[in-house]
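# Observations on chain architecture
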Amino acid sequence: MNPTKTRTIGAAFANAKSEGRALLIGYLPAGFPTLDESIELVQAMCDGGVDLIEVGLPYSDPLMDGPVIQQAVDQALTNGATPLSVLTVVRAVADRGVVPVVMSYWNPIEQFGVENFARELQEAGGVGVITPDLTIEEGQPWIAATQTHEIDPIFLVAPSSTNDRINKICHDTRGFVYAASTMGVTGARDQVSNMAPELVARVREYTDLPIAVGLGVSNGAQAAEIAKYADGVIVGSAFVKAATAGGVPAVRELAQELAQGVRQGG
Amino acid sequence: MTTSEVEDRAVIAGHFGPYGGRFVPEALTSALDQLDTAFQAAIADPDFAIQLSGLERDYTGRPSPLTRAWRFGAYCNDAHIYFKREDLNHTGSHKINNALGQVLLAQRMGKTRVIAETGAGQHGVATATAAALLGLECAVYMGEEDTRRQSLNVARMKLLGAEVISVTNGSRTLKDAINEAMRDWVASVDTTHYVLGTVTGPSPFPDMVRHFHSVIGRESREQILAIEGRLPDAVAACVGGGSNAMGLFSGFMDDPNVQLRGYEAGGDGVETGRHAARFSAGSPGVLHGARTYVMQDKWGQTIPSHSISAGLDYPGVGPEHAWLHDIGRAIYEPVNDSEAMEAFALCSRTEGIIPAIETAHGLAGVIRLGKELGPDSVIILNLSGRGDKDVATAARWFGIELEHSESGISVELAEGR
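Reference entry: report on the structure contained in this document. Just so it is clear, the structure is predicted and the values come from calculations on it, not from any experiment.

## Let's talk about the sheet that holds strand β8 (residues 211–214) of chain A
Strand pairing in a sheet relies on backbone hydrogen bonds. The paired strands run either parallel or antiparallel. Residues and elements named next belong to chain A. Judged by pairing direction, the sheet is parallel, and its 9 strands sit side by side in the order β5-β4-β3-β2-β1-β9-β8-β7-β6 without closing on themselves. Whereas interior strands pair on both sides, the edge strands pair on one side only; in this sheet they are β5 (152–154) and β6 (156–157). Where strand β3 (residues 99–103) and strand β4 (residues 128–130) come together, 3 bridges link them in parallel fashion. The residue bridging M103 from the neighbouring strand is I130, located in β4.

Following this line, the structure appears as structure tokens:
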């Protein structure tokens, strides 16, 4: 059976909702620190209770990322990560029964070929792609390609987005809407921005899609707080930090803590 | 992409054929929309034009002269070579034109802080200067490698009251400084305007930066008509991001008989892989918010560029140049470090003008161009900057010993002692 038919983003959110909780989304770059280790790390995230994994495609100029992820993708690139590594990690996540999506800056996808990337990702079991520097205006050819290959194009909204833009972005997004909690780059923060609840409320007026909140989330308490008003909680830099500091056990432990968090808040 | 799609895109604002556009985090989209609106309103407002042209005249020292380079021209097959003397502007390069325009616009938008990226330091100095003049806070991002080779400009920025932030990630050059400036801007956009220093980046930057430099082309056109009584056969400039070239080219865009020539950094030689020759060895891709020619590997990872000139050491190029290249309106050629430095020496000795090393690439191009177009052809080169900042690099290149350890001085200045 084709895993993309049974394990979709929509089904994952619906499942979490039926359990009265928010969905836990975790990010790690493919090939960090090496390809083999990155597979073990995402498996640890799966085992620890992450419901959906964002497999990062390492890119040389990640202008939406803070120092933690910058260093991680630098290391991955130094160790030879390519889009093919991403497909390998996506396969490993799908094999674990967890929903894989890719998070990639635009140029690597454009160079891979929009159609090719969508097709190969589908074959690997990937079901969505988050593109943090692709605007919906530039993204129309991509949106068309994703439809053919049952890939959900996931766009971001930000606190600065006007209602008009939120409306347009929700129209072109499938799977879930990624709400950037704050004006800034990725990286753990002591407090999740108070702009996030207001943004989620605004987005709800335009869509029935699930809304996940990311940027700055690092612990179970923050996850619980976000789970009160959002459908999903996205954690990135904190997983990278855990991987650097304590490898597989630390990543599994963080996943467990966050998984408890999303169950407390929902 | 099909032909009709290309044609469709050509008419979408902010695009140049398939190039340009906006590839940015959503957090910046509203800011870019506001900037575009403010820019369009400003250029339609006679008061803004009066304010800007007043500063250009009384502060920058415009119009800049168009100087016949008689003795240098003798090495260019006796072509009539004219230098558009942007080196004589306040702060020593063309960069002040754009910095004043954008900082004035930032002030008009109610921003209290400006940020900038800089490679050679000229744009950083120009922005720090404009910010000092207009009373705005200023921070400049500069690759660590560039702070080392352009330490005098680091000191100038600090003396002008700007904060200089040394960027230590990636290749530690201009590309990484732009990444850091963008990251700052995403978080600070409410109070801060990003004074992008060249005709790259997301829309509306390429249009806006060209607009503020178009004074170069306008003046040059009037001046050459007054002197020679005819239009030039070619106008030429070095091309890093391409702002000085775009400023000059814009004055002659609609004159089909005027050739547009750009010279990019060939570094150690295009065949060595150590260069910044985007048109010779790059391909269309997306970098820093725009689709353009990019030095990249087959996976779309940016390949670090190399040039003796910090200002040309950039793996992307302005999207309008990409379009002009594709449609054949402009021709771009690489110039190696050694050829540029020969032209640097020749210009210094024949004209008494020490050019910026960036500009020296254009000078080398003009020597070729004179041979190609023949004696009595009329060629304008944008003499985009003066070489004071490059004295240490040039001295090292030509084996001239400096009496004081130049590194000793620069370290002290750079650290603000």
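## Some remarks on the packing of helix α5 (residues 83–95) of chain A against helix α7 (residues 114–124) of chain A
All names here are of chain A. Taken N-terminus to C-terminus, the directions of α5 and α7 make an angle of 35°; their axes are 8 Å apart at the nearest point. Contact residues: L87, V90, R91 and A94 in α5; E120, L121 and A124 in α7. Along the lines of polarity and charge, the residues of the contact of α5 with α7 split into 5 nonpolar, no polar and 2 charged.

## A closer look at the packing of aromatic side chains
All names here are of chain B. Applying the stated rule across the entire model yields 16 aromatic pairs over all chains. Between W185 and F205, the ring centres sit 6.0 Å apart and the planes meet at 65°, which makes this aromatic pair edge-to-face. Placement of W185 in helix α9 (residues 174–188) and of F205 in helix α10 (residues 205–228) is noted, with a sequence separation of 20 residues between them. Classification of W185 by relative accessible area gives buried; the value is 3%. Looking at F205, the relative accessible area reads 1%, which means it is buried. With centroids separated by 6.2 Å and ring planes inclined at 25°, the aromatic side chains of F344 and F398 adopt a geometry described as stacked.

## Looking at the interface of chain B and chain A
Tallying the contact residues gives 33 residues for chain B and 37 residues for chain A. Together, the buried faces of chain B and chain A total about 2800 Å²; carbon and sulfur atoms form 50% of this surface. Sorting the residues of chain B by area buried against chain A places E26, R183 and W299 of chain B first, and these three jointly supply 26% of that buried surface. Viewed at the interface, chain A and chain B are joined by 3 salt bridges. Across the pair K175 of chain B and D61 of chain A runs a salt bridge, and its minimum N-O distance is 2.8 Å. Our count for the chain B to chain A interface comes out at 23 residue pairs in polar contact (both at pLDDT 80 or more). Every element with two or more residues in the side of chain B that touches chain A is listed here: α2 (26–43), α9 and β12 (283–287) of chain B.

What counts, and at which threshold
- Residues numbered from 1 in each chain as written.
- Chains lettered and ligands numbered in written order.
- Predicted model: local features only at pLDDT ≥ 70, side-chain atom pairs only at ≥ 80, totals over all residues.
- Heavy atoms only, no water.
- Pairing = 2+ DSSP bridges.
- Helix = DSSP H or I, 4+ residues; strand = E, 2+ residues; numbered from the N terminus.
- Axes fitted to C-alpha atoms, helices over the stretch in contact; angles between N-to-C directions.
- Contact = heavy atoms within 4.5 Å.
- Nonpolar A, V, L, I, M, F, W, Y, C, P; charged D, E, K, R; others polar.
- Phe/Tyr/Trp six-rings, centres within 6.5 Å; stacked < 30°, edge-to-face > 60°.
- Buried < 20%, exposed > 50% of the residue type's maximum accessible area, 1.4 Å probe, protein only.
- Buried area = accessible area lost by both parts, 1.4 Å probe.
- Salt bridge = Lys/Arg side-chain N within 4 Å of Asp/Glu carboxyl O.
- Polar contact = N/O pair within 3.5 Å; in protein donor to acceptor, adjacent residues only side chain to side chain.

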